Amino acid sequence: MRDLSGAIGYRDVALAVALVAVGAAISRFRRLDLEQDMLVATVRSFAQLLAVGYVLAFVFDGHGWLSAVLLAVMVVVAALTAGGRAKRVPGATIVAGVALGAATMGTLGVLTVLGIVPVDARTIVPLGSMVLSNAMASASLVMTGLRDDLAGNRREVEARLSLGQTSHEASLPWHRRALRTGMLPIVDNTKVVGLVALPGAMTGMILAGAEPLEAIRLQLVVMYMILGGNAFAAVVAGELTVRRLFTADHQLVRSLRRTPQ
Amino acid sequence: MGDRFEYVDVRVDGDDGPIVSGFSARISASGLTAVIGPSGAGKTTLVRLLNRLDDPDGGVVLLDGEDVRSYDVLALRRRVQYVGQVPVTFPGTVADNLCSPDPAALLDRVGLPASLAGREADRLSVGEAQRMCLARALALEPEVLLLDEPTSALDSASKEGVEALVVSLAADGLTVVMVSHDPRQASHLADHVLDVPGR
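Reading guide: rules and limits
Residues numbered from 1 in each chain as written. Chains lettered and ligands numbered in written order. Predicted model: local features only at pLDDT ≥ 70, side-chain atom pairs only at ≥ 80, totals over all residues. Heavy atoms only, no water. Helix = DSSP H or I, 4+ residues; strand = E, 2+ residues; numbered from the N terminus. Rg over C-alpha atoms; globule rule 2.2 N^0.38 Å. Buried < 20%, exposed > 50% of the residue type's maximum accessible area, 1.4 Å probe, protein only. Contact = heavy atoms within 4.5 Å. Lys, Arg positive; Asp, Glu negative; His and termini not counted. Charge placed at Lys NZ, Arg CZ, Asp CG, Glu CD. Buried area = accessible area lost by both parts, 1.4 Å probe. Salt bridge = Lys/Arg side-chain N within 4 Å of Asp/Glu carboxyl O. Pairing = 2+ DSSP bridges. Axes fitted to C-alpha atoms, helices over the stretch in contact; angles between N-to-C directions. Polar contact = N/O pair within 3.5 Å; in protein donor to acceptor, adjacent residues only side chain to side chain. Expected span 1.5 Å × (residues − 1). Arc of directions from axis to C-beta. Phe/Tyr/Trp six-rings, centres within 6.5 Å; stacked < 30°, edge-to-face > 60°. Lys NZ or Arg CZ within 6 Å of the ring centre and 35° of its normal. Parallel < 35°, antiparallel > 145°, perpendicular 65-115°, else oblique. Left-handed = near helix turned anticlockwise from the far one by under 90°.

1. Things to note about the overall build of chain B
A count of helices and strands for chain B gives seven helices and nine strands. In summary, chain B has a C-alpha radius of gyration of 17 Å against a globular reference of 16 Å for 199 residues, a match within 12%. Referenced to the eigenvectors of the C-alpha coordinate spread, the extents of chain B come out at roughly 50 × 35 × 35 Å. Taken across its 199 residues, chain B has 53% of its residues classed as buried. Here the contacts in chain B between residues at least 6 apart in sequence split such that 69% fall between residues at least 24 apart. Between the mean site of the 18 positive side-chain charges and the mean site of the 30 negative ones, chain B shows a separation of 1 Å.

2. A word on the overall build of chain A
Helices and strands together make up the secondary structure of chain A, namely 10 helices and zero strands. If you list the helices and strands of chain A from N to C, you get α-α-α-α-α-α-α-α-α-α. By principal-axis analysis of the C-alpha atoms, chain A measures approximately 70 × 55 × 35 Å. Per-residue burial over chain A gives 36% buried out of 261 residues.

3. Re the interface of chain B and chain A
Residue-level contacts link 25 residues of chain B with 17 residues of chain A. For the pairing of chain B and chain A, the buried interface totals around 1800 Å² over both sides, and the portion due to carbon and sulfur atoms is 47%. Three residues, B:L53, B:R77 and B:F90, lead the burial of chain B against chain A; their summed loss comes to 28% of the area buried on that side. Between the two partners, chain B and chain A, sit five salt bridges. Here B:R52 ties to A:D249 by a salt bridge, and the two come within 2.8 Å at their closest N and O atoms.

4. Points about the sheet that holds strand β5 (residues 66-67) of chain B
Residues and elements named next belong to chain B. Strand order in the open sheet formed by four strands is β2-β1-β4-β5, and the pairing between neighbours is antiparallel. Only two strands of the sheet have a single neighbouring strand rather than two, namely β2 (17-28) and β5. Alignment of strand β1 (residues 3-14) against β2, held across eight bridges, turns out to be antiparallel. Considered in β2, the bridge of E6 is made with R26.

5. Some remarks on the pattern of salt bridges
Residues and elements named next belong to chain B. Scanning the entire structure with this criterion turns up 24 salt bridges over all chains. Between R4 and E143 there is a salt bridge, and its shortest N-O distance comes to 3.9 Å. With R4 in strand β1 and E143 in the loop between α5 (126-138) and β7 (144-148), this pair connects stretches of sequence that are 139 residues apart. Judged by relative accessible area, which is 14%, R4 ranks as buried.

6. Examining the sheet that holds strand β6 (residues 80-83) of chain B
Residue and element names in this part refer to chain B. Taking strand neighbours across the sheet as the criterion, the five strands line up as β6-β7-β8-β3-β9 in an open arrangement whose pairing is parallel. Because the sheet does not close on itself, it has two edges, and the strands there are β6 and β9 (192-195). Adjacent strand axes in the sheet meet at a mean angle of 20 degrees when their direction is disregarded. Each of β6 and β7 is contacted by α5, which is oriented at about 165 degrees to β6, the strand it contacts most.

7. Topic: the side chain of B:K43
All names here are of chain B. One can find K43 in helix α1 (residues 43-48). Separated by 3.3 Å, the side chain of K43 and the backbone oxygen of P38 make a polar contact. What K43 contacts, discounting residues up to four positions off in sequence, is V35, I36, G37, P38, E149, V179, S180 and V196.

8. Here's the deal with helix α6 (residues 156-171) of chain B
Residue and element names in this part refer to chain B. Relative to the 22 Å expected for 16 residues at 1.5 Å per residue, α6 spans 23 Å between its end C-alpha atoms, a close match to the ideal helical length. The set of residues buried in α6 consists of V162, E163, L165, V166, L169 and A170. Looking down the long axis of α6, one finds its buried residues gathered within 165 degrees of arc, a one-sided arrangement. Of the residues in α6, the exposed ones pointing more than 90 degrees away from the buried face are S156, A157, E160 and A171.

9. Some thoughts on the packing of aromatic side chains
Residue and element names in this part refer to chain B. Under the definition given, this model contains one aromatic pair over all chains. Aromatic side chains Y7 and F23 sit 5.2 Å apart centroid to centroid with 75 degrees between the ring planes, which places their arrangement in the edge-to-face category. Pair noted here: Y7 is in strand β1 and F23 is in strand β2, with a separation of 16 residues, a long-range link. In this pair, the class of Y7 matches that of F23, namely buried. In this structure, R136 is placed above the aromatic ring of F90, and the distance from its NZ or CZ to the ring centre is 4.2 Å.

10. Some thoughts on the side chain of B:N97
Residues and elements named next belong to chain B. Locating N97 in the fold gives a position in helix α3 (residues 94-98). Residue classification places N97 among the buried residues on the basis of a relative accessible area of 4%. Residues within four places of N97 in sequence aside, it is in contact with T89, F90, P91, G92, A121, M132 and R136.

11. Overview of the packing of helix α7 (residues 167-191) of chain A against helix α9 (residues 212-245) of chain A
Residues and elements named next belong to chain A. As a packed pair, α7 and α9 sit with axes 10 Å apart at the nearest point and diverge in direction by 160 degrees. The angle between α7 and α9 falls in the class roughly antiparallel. Here α7 runs over α9; the crossing is right-handed. Contacts between α7 and α9 pair S167, H168, S171, H175, L179, M183, I186, V187, N189 and T190 from the former with M223, I226, L227, N230, A231, A234, V235, G238, E239 and V242 from the latter.

See below:
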C-alpha cells in the first residue's frame with residue numbers, strides 16, 4: 001500500500017477506538033475520572049464528522065453553491081464562540097462575526113482572484129474553515145485584550161480624551177498592543193513551521209499519496225493564507241471593538257468606566 | 001461676568017438608581033468655585049459632565065448659555081480642561097507630555113524648574129507630576145480648568161503649593177472648578193461654593 005487515500009474503512013475506525021479504550025483504561029486506573037468525557041468526546045466527534053462528511057459529499061456532488069451557505073454557518077458558529085469568550089465587549093458576537101466574515105472573504109477573495117486556487121467547493125470550503133478556525137482565536141484575543149487594557153488604564157485613557165484626543169488616538173497604545181497579542185501566535189507558528197510540527201494540510205496530502213514538494217507548496221499557501229486571515233480578523237476586530245467601547249462623542253462607555261479598577 | 005456653566009434639572013443614573021437627580025446650579029465664570037458635599041454625593045460625576053467625559057441621563061448642562069452637547073466635543077474639551085485626582089503621566093519626558101513649543105514657560109507657570117523638561121515623566125514626585133498635569137492642561141490655553149480633588153494625593157507641603165497655584169490661575173482670569181472633600185480648604189480658597197447635597 002502506497003498511500004491511505006481510500007484505504008480507511010469503518011472497520012478501521014472501529015479498531016482505532018482501541019486507542020481511546022487505552023486512554024479510558026488509564027483514566028480509570030489513575031482515577032482521573034475522565035472516562036465519561038472521553039466517551040462523550042468519542043461519540044460526538046464521530047457523529048459531528050460523519051454529519052459534516054455527508055454534507056460535504058452532498059455539496060461537492062454538484063451543489064457547489066451551497067458552499068457559501070456552509071461557510072456562512074461556520075462564520076456564525078465561530079462568531080458565537082469568539083463573541084462568547086469576549087462577552088464583556090458590548091455586541092461581541094456581531095464584532096466577531098464581522099471580523100471573521102471579513103477575514104474569510106478577504107483571504108478567499110485574494111486567493112481566487114489571483115488564480116492561486118480554483119473557485120470550487122472542494123477548495124473553498126476547507127480553506128475557508130482553516131482561515132476561520134485560526135482567525136477565531138485572533139479575534140477573541142484582540143477583543144478581550146483591548147477591552148481589559150482600556151478598562152484597566154481608563155484613568156490614562158480619560159486623561160488623553162480630556163486633552164482633546166479622539167477615541168482612536170486615546171486608545172492607540174492599547175489598540176496596538178492588542179493587535180500584536182492577537183497576531184503573535186500565528187507569526188511564531190509560521191516561523192517554526194516544519195521544525196516543530198508538520199502542519200495539517202501537508203501531512204494530510206502526504207498521507208493521501210502526494211509528493212512532499214507538492215504538499216509543501218499547498219502548505220505554504222495555507223500558512224500565508226492563515227497569517228493574512230488572522231491579520232484581517234485582528235484589524236477589523238480591533239477597529240470595531242474601539243467603536244463599541246467609546247461613544248460617538250469620544251466617551252468611554254459606562255460599562256467600562258464602572259469596572260472596579 | 002455671568003455664569004459659565006448651568007446645570008438644569010440634571011439626573012445621572014448609576015448601576016443602582018440615580019447618582020444625582022433633579023440637580024440645578026450655576027457656576028460663575030470668574031474665580032474659583034469649590035464643589036463640596038458628602039462623599040458619594042456625585043461631585044466627580046457632576047464635574048465630568050462639564051467636559052463631556054459623561055452625559056446626563058436627564059436635564060441639560062449649559063456652557064455660556066448653550067447645551068454642552070451643541071459644541072464640537074473635542075474643541076469643548078480643549079476649552080474645558082480636566083485634571084484628575086491622581087496625576088496621570090504619559091510615557092516619555094516631561095517635554096513629551098507637555099507637547100508644547102515652549103515647555104520651559106509652562107513649567108515656570110506651574111512653579112517647576114525648566115530643567116525638569118528632559119526628565120522622564122514617570123520619575124517625577126507625585127507633587128511634581130500633578131503640577132506637570134496642570135501645565136499640560138494649560139498648554140492648550142483653556143478657558144476653564146476642572147480639578148477633581150487635585151491635592152488629595154499630595155503631602156501637606158506640595159498641597160499648599162498646588163493650592164496657591166490654583167488660586168493664582170483663577171486670579172489670572174481662568175474659570176476654575178475644583179472638587180474638594182475638605183470644607184475648610186473650600187472656604188479658605190474658593191470665591192464661590194457649590195454644595196452638592198447627599199442622597
